[in-house]
Amino acid sequence: MDYEIVIGLEVHCQLLTETKIFCGCSTNFGNLPNQNTCPVCTGMPGALPVLNRKVVDFAIRAGLATDCSIVRENVFARKNYFYPDLPKGYQISQFELPICVGGYLDIEVEDEKKRIGITRIHMEEDAGKLVHPEYEHGVSFVDYNRACVPLIEIVSDPDMRSSAEAVAYLKNMRDIMVYLEVCDGNMEEGSFRCDANISLRRWGAPELGIRAELKNMNSFRNVQRAIDYEVERQSDILDNGGVVVQETRLWNVDRGISMSMRGKEEAHDYRYFPDPDLLPVVIDDFWVDEVRRNQPELPLAKRQRFVVDYGILLTDAEVLTSDRNLADYFEAVVKIFPRPKAIANWIMVELLKFLNDDKIAITQCSITPQGLAELLKLIDKGTISGKIGKQVFAQMYSAADNDPELIVTTKGLAQMSDAGELTGMIDEILAANADKVKEYQDGKSKMFGFFVGQVMKRSKGQANPQMVNELIKERIG
Amino acid sequence: MELYNYSLENLGELLDKGEISAVELTRSVLERISAVDDTIGSYLTVDAEGALIQAESADVRRRKRDNVTPLTGIPVGLKDLISTAGLQTTCASKILAGYRPEYDATVVSRLRSAGAVITGKLNMDEFAMGSSTENSAFQKTCNPWALDRVPGGSSGGSTAAVAAATAIATLGSDTGGSIRQPASFCGVVGMKPTYGRVSRYGLIAFASSLDQIGPVTLTVADAALLLGVIAGHDACDSTSVDLPVADYYKRLKNDIRGLKIGLPQEYFGAGLDSEVEVLVRSACGQLAAAGALVNEAISLPHTDYAVACYYLLATAEASSNLARYDGVKYGFRAENTDGLLDMYRQTRAQGFGDEVKRRIMLGTYALSSGYYDAYYRKAQQVRTLITRDFEKVFADCDVIVAPVCPTPAFAFGEKVDDPLAMYLSDILTIPVNLAGLPAISVPCGFTKSGLPVGLQIIARPFAEETLLNVAWQYEQLGGWSRRRPEIKKKAV
Ligand SMILES: [Zn+2]
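Below: a short report on this structure. As the structure is a computational prediction, the values presented were derived from the model and not from experiment.

Of the regular secondary structure elements, chain B holds 15 helices and eleven strands. Against the globule reference of 23 Å for 492 residues, chain B gives a C-alpha radius of gyration of 21 Å, in line with a compact fold. If you line up chain B on its principal axes, its C-alpha atoms span 65 × 55 × 50 Å. Split into buried and exposed, the 492 residues of chain B put 63% on the buried side. Considering only residue pairs separated by 6 or more positions, chain B has 76% of its internal contacts joining residues 24 or more positions apart. For chain B, the accessible surface area stands at approximately 17000 Å², while carbon and sulfur atoms represent 50% of it.

A few words on the packing of aromatic side chains. Summed over all chains, the structure comprises 32 aromatic pairs over all chains. Plain terms: the ring middles of Tyr 270 of chain A and Tyr 272 of chain A are 6.1 Å apart, the flat faces sit at 65° to each other, and that makes the pair edge-to-face. In this structure Tyr 272 of chain A comes out as buried when scored by relative accessible area, which is 19%. Arranged with centres 6.3 Å apart and planes meeting at 65°, the rings of Tyr 325 of chain B and Tyr 330 of chain B form a pair that is edge-to-face. The class of Tyr 325 of chain B is buried, set by a relative accessible area of 3%. Counting every residue linked through ring pairs, the aromatic cluster contains Tyr 99, Phe 127, Tyr 325, Tyr 330 and Phe 352 of chain B. Above the plane of the ring of Phe 448 of chain A lies Lys 473 of chain A, whose end atom (NZ or CZ) is 5.5 Å from the centre. Over the ring of Phe 332 of chain B we find Lys 94 of chain B; its NZ or CZ atom is 4.9 Å from the centre of that ring.

Regions of empty space are outlined by a rolling probe, equal in size to a water molecule, passed over the atoms. Residue and element names in this part refer to chain A. By volume, the second largest pocket amounts to about 840 Å³. Looking at the second largest pocket, it is lined by 23 residues, and the ones nearest its centre are Asp 106, Ile 107, Asn 172, Leu 300 and Arg 303. If you count residues domain by domain, the lining of the second largest pocket takes at least three from each of domain 1 (3–287) and domain 2 (296–410).

Moving on, we get to the coordination of the zinc ion. Residue and element names in this part refer to chain A. Protein coordination of the zinc ion is provided by Cys 23 (SG), Cys 25 (SG), Cys 38 (SG) and Cys 41 (SG), with donor distances spanning 2.3 to 2.4 Å. Between the four donor atoms coordinating the zinc ion, the angles at the centre fall across 101 to 113°, so the site counts as tetrahedral. The motif formed by the donor residues of the zinc ion, counted along the single chain, is C-x1-C-x12-C-x2-C. Residue Cys 41 is classed as buried on the basis of its relative accessible area, which comes to 2%.

Further remarks concern the sheet that holds strand 13 (residues 247–252) of chain A. Residue and element names in this part refer to chain A. An order of 2-6-7-10-1-11-12-13-14 is seen for the nine strands of this open sheet, with the pairing classed as mixed. This sheet does not close on itself; its edge strands, each paired only once, are strand 2 (69–70) and strand 14 (257–263). Relative to strand 10 (residues 150–156), strand 1 (residues 3–14) is paired through five bridges, and the arrangement is antiparallel. Note on strand 10: the bridge partner recorded for Glu 10 is Val 155. Relative to the sheet, helix 1 (residues 53–65) contacts strand 2, strand 6 (100–109), strand 7 (112–125) and strand 10, its axis offset from that of strand 7 by approximately 165°. Taken strand by strand, helix 2 (residues 163–179) contacts strand 1, strand 6, strand 7, strand 10 and strand 11 (192–202), and its axis lies near 115° from that of strand 6.

Take the interface of chain A and chain B next. Contact with chain A, which involves 32 residues of that partner, is made by 38 residues of chain B. Across the chain A to chain B interface the summed buried area is about 2900 Å²; carbon plus sulfur atoms make up 57%. Together, Pro 45, Phe 82 and Arg 271 of chain A form the three largest contributors to the area buried by chain A at its contact with chain B, with a combined 22%. On the surface where chain A and chain B come into contact, there are two salt bridges. Ionic pairing is found between Asp 277 of chain A and Arg 200 of chain B, a salt bridge with its closest N-O pair at 3.1 Å.

All chains considered together, the criterion is met by 50 salt bridges over all chains. Glu 247 of chain A is the partner of Arg 233 of chain A in a salt bridge, and the nearest nitrogen-oxygen pair spans 3.5 Å. Taken together, the positions of Arg 233 of chain A in helix 3 (residues 220–239) and Glu 247 of chain A in strand 13 put the pair 14 residues apart, joining distant regions of the chain. Between Arg 358 of chain B and Glu 355 of chain B there is a salt bridge, with its nearest N and O atoms 2.7 Å apart. With a gap of three residues between them, Arg 358 of chain B and Glu 355 of chain B both fall in helix 11 (residues 354–367), about one helical turn apart. On the basis of relative accessibility, which here comes to 32%, the residue Arg 358 of chain B falls in the partly exposed class.

As a further point, take the packing of helix 6 (residues 314–321) of chain A against helix 7 (residues 324–336) of chain A. All names here are of chain A. Two numbers describe how helix 6 lies on helix 7: the axes approach to 6 Å, and their chain directions differ by 115°. Contacts from Val 319, Leu 320 and Thr 321 in helix 6 reach Leu 326, Ala 327 and Phe 330 in helix 7. The class makeup of the residues in the contact of helix 6 with helix 7 is five nonpolar, one polar and no charged.

Let's shift gears to unusual backbone geometry. Residue Ser 154 of chain B is reached from Gly 153 of chain B by a cis peptide bond, and omega for that bond is 10°. At Cys 148 of chain A, a position not held by glycine, the phi torsion is positive, near 80°. As for its placement among the helices and strands, Cys 148 of chain A is situated in the loop between strand 9 (141–143) and strand 10. On the basis of relative accessibility, which here comes to 2%, the residue Cys 148 of chain A falls in the buried class. A positive phi angle, close to 55°, is found at Ala 92 of chain B, a residue other than glycine. When you line up the elements, Ala 92 of chain B lands in the loop between strand 2 (75–79) and helix 4 (106–114). Relative accessible area serves as the criterion here: at 0%, Ala 92 of chain B is assigned to the buried category.

Take the nonpolar core next. Ile 152, Tyr 169 and Met 177 of chain A together with Phe 127 and Phe 390 of chain B are the most contacted members of the largest nonpolar core, which totals 217 residues. Here the element with the most residues in this core is helix 9 (residues 306–321) of chain B; it accounts for ten residues. Ignoring sequence-local partners within four residues, the contact set of Phe 390 of chain B consists of Tyr 267, Leu 300, Ile 400, Pro 431, Val 432, Ala 435, Leu 437 and Ile 458 of chain B. Counting 38 residues, the second largest nonpolar core, distinct from the first, contains Tyr 310, Cys 365, Ile 384 and Phe 393 of chain A.

Here we come to helix 7 of chain A. Residue and element names in this part refer to chain A. Between its first and last C-alpha, helix 7 extends 19 Å over 13 residues, near the 18 Å set by a 1.5 Å rise per residue. Along helix 7, the residues classified as buried are Arg 324, Leu 326, Ala 327, Tyr 329, Phe 330, Glu 331, Val 333 and Val 334. Next to the buried residues of helix 7 lie helix 2, helix 5 (299–310), helix 6, helix 8 (340–358) and helix 9 (369–381). Where helix 7 starts, the residue carrying a side-chain oxygen 2.8 Å from the main-chain nitrogen of Asn 325 turns out to be Asp 323.

Residue and element names in this part refer to chain A. A grouping of Val 131, Tyr 135 and Phe 141 is seen on the molecular surface, where their side chains present a nonpolar patch of about 340 Å² in accessible area. Checked against the element boundaries, Val 131 lands in strand 8 (residues 129–131). Judged by its relative accessible area of 37%, Val 131 falls in the partly exposed class.

All names here are of chain A. Contact geometry for helix 1 and helix 4 (residues 285–293): axes closest at 9 Å, N-to-C directions at 70°. As summarised for this structure, helix 1 and helix 4 are arranged roughly perpendicular, according to the angle between their axes. The segment helix 1 lies against helix 4, with Arg 53, Val 56, Asp 57, Ile 60, Arg 61 and Leu 64 engaging Trp 287, Val 288, Val 291 and Arg 292. Classifying every residue of the contact of helix 1 with helix 4 gives six nonpolar, no polar and four charged.

As a further point, take the pairing of strand 6 of chain A. Residue and element names in this part refer to chain A. Pairing geometry for strand 2 and strand 6, over two bridges, is antiparallel. Paired with Ile 70 across the strands is Cys 100, a residue of strand 6. Alignment of strand 6 against strand 7, held across nine bridges, turns out to be antiparallel. Note on strand 7: the bridge partner recorded for Leu 105 is Ile 116. Counting the residues that bridge the hairpin from strand 6 to strand 7 gives two residues, and of these Glu 110 lies at a positive phi of roughly 45°.

Definitions and cut-offs
- Residues numbered from 1 in each chain as written.
- Chains lettered and ligands numbered in written order.
- Predicted model: local features only at pLDDT ≥ 70, side-chain atom pairs only at ≥ 80, totals over all residues.
- Heavy atoms only, no water.
- Helix = DSSP H or I, 4+ residues; strand = E, 2+ residues; numbered from the N terminus.
- Rg over C-alpha atoms; globule rule 2.2 N^0.38 Å.
- Buried < 20%, exposed > 50% of the residue type's maximum accessible area, 1.4 Å probe, protein only.
- Contact = heavy atoms within 4.5 Å.
- Areas by Shrake-Rupley, 256 points an atom, 1.4 Å probe, with all protein chains shown as cover.
- Phe/Tyr/Trp six-rings, centres within 6.5 Å; stacked < 30°, edge-to-face > 60°.
- Lys NZ or Arg CZ within 6 Å of the ring centre and 35° of its normal.
- 1 Å grid on protein atoms, 1.4 Å probe; cavity = no way out; pocket = protein on both sides within 12 Å on 5 of 7 lines; lining within 4 Å.
- Points joined across faces, edges and corners; volume = space filled by probe spheres on them.
- Domains from an automatic or database assignment.
- Donors = N, O, S within 2.8 Å, 3.2 Å for Na, K, Ca; no water.
- Tetrahedral: all angles 85-135°; square planar, octahedral: opposite > 155°, others 65-115°.
- Pairing = 2+ DSSP bridges.
- Axes fitted to C-alpha atoms, helices over the stretch in contact; angles between N-to-C directions.
- Buried area = accessible area lost by both parts, 1.4 Å probe.
- Salt bridge = Lys/Arg side-chain N within 4 Å of Asp/Glu carboxyl O.
- Nonpolar A, V, L, I, M, F, W, Y, C, P; charged D, E, K, R; others polar.
- Core = buried A, V, L, I, M, F, W, Y, C linked by side-chain atoms within 4.5 Å.
- Expected span 1.5 Å × (residues − 1).
- Polar contact = N/O pair within 3.5 Å; in protein donor to acceptor, adjacent residues only side chain to side chain.
- Patch = residues over 30% accessible without salt bridge, like charges linked within 9 Å, V, L, I, M, F, W, Y side chains within 5 Å.
- Parallel < 35°, antiparallel > 145°, perpendicular 65-115°, else oblique.

Here's what the structure looks like:
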């Protein structure tokens with residue numbers, strides 16, 4: 001292509017605080033419309049905002065994790081515009097003095113590392129939600145449960161050069177925010193959302209081209225599709241000698257295209273000014289240090305710790321730490337049954353297969369860390385073989401049964417480890433297959449597997465395979 | 001003497017001794033309202049039923065000696081921008097007609113827990129924008145001393161009510177002089193506390209960084225008692241200050257000998273009515289005779305810029321504060337509109353009065369991209385300079401004394417078509433709001449035509465104690481408080 005793609009992203013994270021940013025209402029999702037409201041978050045005349053300091057903690061946390069400097073004097077500003085979901089006619093946000101500035105996030109695309117600058121992170125309140133009922137045309141309702149829920153907006157520098165880089169940045173950012181317990185990262189429900197600024201320029205051109213802002217992309221895949229579509233749209237315009245219009249465009253998921261929402265001339269003049277109802281928030285070293293001390297471990301650090309502390313492979317550690325909840329699950333099992341390698345193996349091979357097949361998250365898994373630990377203990381003790389273990393595992397998973405010992409007992413799956421019993425069985429099989437014993441002793445070593453197989457078959461898989469091996473070897477050398 | 005004519009302080013004593021009941025007192029005030037308020041027009045809403053119920057429970061409290069305060073059983077009226085749960089609160093604007101708040105303002109909760117009886121809601125300039133109460137969307141309020149004159153504004157209903165004895169005491173709000181100027185016009189005591197001293201939670205905002213609720217009363221002692229109830233930190237208002245509240249009443253009689261009083265030259269310049277000047281200067285003479293040290297040559301050099309600065313900042317904040325009146329959630333919504341944008345436009349065009357629209361437009365302009373630095377930011381810088389003027393003066397003075405308003409009450413219609421002339425009516429009160437200082441207007445005499453004039457006293461931030469002390473001492477020297485106008489009933 002003749003053009004260099006320039007992408008900057010604005011990410012909005014809904015914070016996992018229990019109460020809203022400027023009032024005591026719950027942030028709980030899924031309550032009845034307008035159940036989580038009070039005079040403050042519905043913008044009643046005379047009601048005043050009071051800052052939830054937890055929001056500042058979370059914003060500092062996000063800033064520290066992305067190597068930002070923390071701005072010591074924070075000012076909230078009003079962003080003025082009219083919309084029915086905005087109860088006060090302005091959104092309380094930050095403008096001239098955001099809480100974090102000048103950070104970065106490292107990404108990796110096709111084995112190439114790249115550093116993406118972060119311009120700023122600021123705190124703000126969310127708006128409510130319009131509800132358009134199907135039963136009545138031309139009428140809309142407003143649900144203010146989401147109004148005043150805390151957000152941070154993370155603005156990147158225009159450092160990304162492809163949709164793949166943008167997606168890598170977003171994935172990485174989401175991992176970090178989930179790890180920090182700052183945000184649940186749910187893109188479908190909108191608690192992690194992103195707008196993209198995209199422009200093209202001729203290779204080597206010093207100035208940025210005219211950009212379009214893309215909104216309404218509610219999955220990583222849609223971010224990729226929307227950016228690719230936009231790049232194509234703009235390069236078509238430029239190829240034909242046209243000029244890209246500065247505008248905001250809305251991605252239409254169903255049609256796979258974006259459409260103009262508003263142009264530059266319709267752009268709002270938000271008339272930002274410092275909110276006189278809130279005092280500047282002064283953040284001292286003590287405050288930053290306290291957040292730093294309680295900062296949750298980030299994916300990279302956790303990965304390295306897993307390799308060092310648990311002696312597992314880096315590739316396994318990468319998978320286990322790819323999801324904060326999975327990492328927590330792994331560590332919970334290790335705590336009960338300290339055989340990290342075996343546990344990692346079981347999670348990687350068995351557990352994830354089941355979860356992927358059912359497309360569910362680890363948090364929805366019916367096998368508890370305790371249950372998995374008990375199962376692995378049974379294998380370790382030799383009560384069951386690994387193979388039987390897999391059967392028990394499947395049973396536990398499908399029946400949400402976390403008592404493997406009971407499953408083993410009721411189904412009679414315990415391993416045969418009685419040497420006398422096994423010897424009798426082996427002797428019978430060897431006697432019945434004297435010809436094959438001869439072949440084996442004549443050098444056809446493959447035959448060994450046949451004898452083992454026969455024993456396993458006769459024992460319905462319950463014979464202790466290690467003992468079977470040893471006993472057969474003892475008999476036929 | 002009828003009960004409604006007594007001061008809050010005296011009524012408290014009578015109630016304490018059991019000589020009168022809160023119900024009797026409340027009835028007396030309600031009867032007074034029926035008798036004269038169709039002439040004065042101080043109330044927008046009278047809550048007679050609610051008041052009597054509160055009076056009964058105040059009597060029970062007094063009988064049981066259960067948490068009795070000087071306000072227990074005292075009928076108090078509220079400016080109609082102070083939110084009262086379930087009781088219509090309109091800001092004298094059509095856009096809030098029928099609006100009943102779901103919660104009480106902090107000052108209202110404090111009054112209720114002190115046992116005060118809330119009589120109703122008082123007229124004002126729409127959204128507190130004005131200096132004559134002529135901008136009320138609903139009615140005119142007359143000056144009880146001269147029915148053809150304005151009571152001042154924006155808390156004109158609050159001051160007229162105290163002057164006409166349709167309430168024992170009231171609360172007003174002061175953004176640029178809105179308590180002090182009408183108190184001066186109506187011959188009552190009106191006080192603006194330090195910004196942050198009284199919670200703004202539930203006060204419907206005009207200009208958030210300037211608004212402050214304060215008492216309007218017959219005497220300085222009454223103001224001290226009422227302020228004692230409403231002052232203090234409130235966790236619901238981030239701008240309220242967590243400082244101890246002194247017992248203002250107890251300290252009223254402190255000696256003022258040796259107290260340093262400054263008279264700012266700039267407040268005695270051109271435009272000051274000569275009768276007003278004479279009354280203010282003679283009040284200063286009395287204070288000096290009582291042992292205060294009066295310095296007539298102090299200077300507040302940035303005074304000239306105050307009005308311009310104020311009309312940029314106050315309108316900027318107002319343009320944003322009033323955005324919530326969009327017809328979506330409460331109050332007035334225009335009918336037969338075509339879509340969302342038209343609903344907004346029609347609702348606000350029909351719902352707001354001219355002065356409110358004028359200020360919204362001014363403020364919107366001041367904040368617009370490209371103008372912000374020249375107007376809003378510059379005005380903030382000027383505000384800092386004005387604040388510093390006062391800081392410098394207060395290094396050598398304990399209080400500043402000045403006129404409240406360049407003129408006594410003016411006639412209806414005199415300035416209503418000349419916004420600039422109306423704005424200049426606040427020239428001597430606005431700097432105090434910009435600097436966040438406490439100030440009071442105390443009656444200091446009458447003009448030859450019988451119009452009251454107020455003396456303005458200004459103190460250091462959070463020095464309400466000193467302010468009330470000086471005001472009380474002057475009140476004893478001057479003896480102008482407690483006078484009542486004779487209200488000639490309008491012919492029906
Ligand atoms: Zn709320």
